[in-house]
Amino acid sequence: MAKGLHLSSLSLLVICVVAVTFTGNNYASASPSNFIKSCCSTTRFPNVCVESLSVYANTIQQDPHELAQTALSLSLNKSESTRAFVSNCNKLRGLKPREYAALKDCAEEISDSCDRLSKSLKELKLCKVKGEDFRWHISNVETWVSSALTDDSTCGDGFSGNGKMKDSIRGRMVNLAQVTSNALSLITQYASKY
Ligand SMILES: *[C@@H]1O[C@H](CO)[C@@H](O)[C@H](O)[C@H]1NC(C)=O
């Protein structure tokens, strides 16, 4: 009886040690934050990718669809705040006609970009619905996000010379384009894992 008890506590100890070691290793190699780092490593702007997405690690876990969806939602949100910023610039007094025209073009491009990102986000959600045609939806998403990216990169080209407004719009557009490019890359990665 006493011997049996001794044996079973010994095996319990062994099980605990094995379990702790195993979970420890597992945690180090496959945590949500390592998953994000590893997926981000093949994007064009890996640091921006990790910095902007790590805060969502709890929702993302190790799910490529959730990662792509969060990245796209982030890109849409940034695009919308940039749209608001650009349309406020339009109200500034004392703009030169050329600056006014450049802002107007930029506002239209961002607006198109927001629409494309918004319908892409809805379409990406359909990719997870059973019975829906995955390839069709994902290829629409890829097409629309890449047109949004083209819009973003032309926005700001119309501003000539120097100036605070040009710098400030350019800075925002560069950041938006990086986040959008990363989202596209994570969407492509998700599609290839499907
Ligand atoms: C984007 O904005 C929406 C609406 O405000 C919010 O629900 C969503 O969580 C935001 N996305 C990210 C990735 O922060």
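Only a predicted model underlies this, so the values are computations on that prediction, with no experimental measurement involved. (Residues numbered from 1 in each chain as written. Predicted model: local features only at pLDDT ≥ 70, side-chain atom pairs only at ≥ 80, totals over all residues. Heavy atoms only, no water.)

The terminal C-alpha atoms of helix α6 (residues 97–126), which comprises 30 residues, lie 44 Å apart, in line with the 44 Å expected from a rise of 1.5 Å per residue. Listed in full, the buried residues belonging to α6 are Ala102, Leu103, Cys106, Ile110, Ser113, Cys114, Leu117, Ser120, Leu121, Glu123 and Leu124. (Helix = DSSP H or I, 4+ residues; strand = E, 2+ residues; numbered from the N terminus. Expected span 1.5 Å × (residues − 1). Buried < 20%, exposed > 50% of the residue type's maximum accessible area, 1.4 Å probe, protein only.)

Joining two cysteines, a disulfide is a covalent bond between their sulfur atoms. What the rule picks out here adds up to 2 disulfides. Between Cys40 and Cys49 runs a disulfide, and the two sulfur atoms are separated by 2.0 Å. Taking the sign of the torsion about the S-S bond as the criterion, the disulfide between Cys40 and Cys49, at about -70 degrees, is left-handed. The pair formed by Cys40 and Cys49 is uniform in burial state, with each residue classed as buried. With its sulfur 1.8 Å from that of its partner, Cys106 forms a disulfide with Cys155. Looking down the S-S bond of the Cys106 and Cys155 bridge, the torsion is 105 degrees, so its handedness is right-handed. Taken together, the positions of Cys106 in helix α6 and Cys155 in the loop between α7 (134–154) and α8 (164–193) put the pair 49 residues apart, joining distant regions of the chain. Both residues of the pair, Cys106 and Cys155, belong to the buried class. If you count the bonded cysteines of the protein chain from the N-terminus, they pair up as 1-2, 3-4. Cys89 forms no disulfide, and the closest cysteine sulfur to it belongs to Cys106, at a distance of 8.7 Å. Cys89 gets classed as buried once you look at its relative accessible area, which sits at 6%. (Disulfide = S-S within 2.5 Å.)

Turning our attention to the site of the ligand. Taken together, Tyr56, Thr70, Ser73, Leu74 and Asn77 form the complete shell of residues around the ligand. In this structure, Tyr56 approaches the ligand through a side-chain N or O atom, which is 2.8 Å from an oxygen atom. Between Ser73 and the ligand, the recorded distance is 2.8 Å, taken from a side-chain N or O atom to a nitrogen atom. Contact with the protein chains hides 42% of the accessible area of the ligand, taken as 360 Å² for the molecule alone. Grouping the constituent residues of the shell around the ligand by class yields 2 nonpolar, 3 polar and no charged. (Near = heavy atom within 4 Å. Polar contact = N/O pair within 3.5 Å; in protein donor to acceptor, adjacent residues only side chain to side chain. Areas by Shrake-Rupley, 256 points an atom, 1.4 Å probe, with all protein chains shown as cover. Nonpolar A, V, L, I, M, F, W, Y, C, P; charged D, E, K, R; others polar.)

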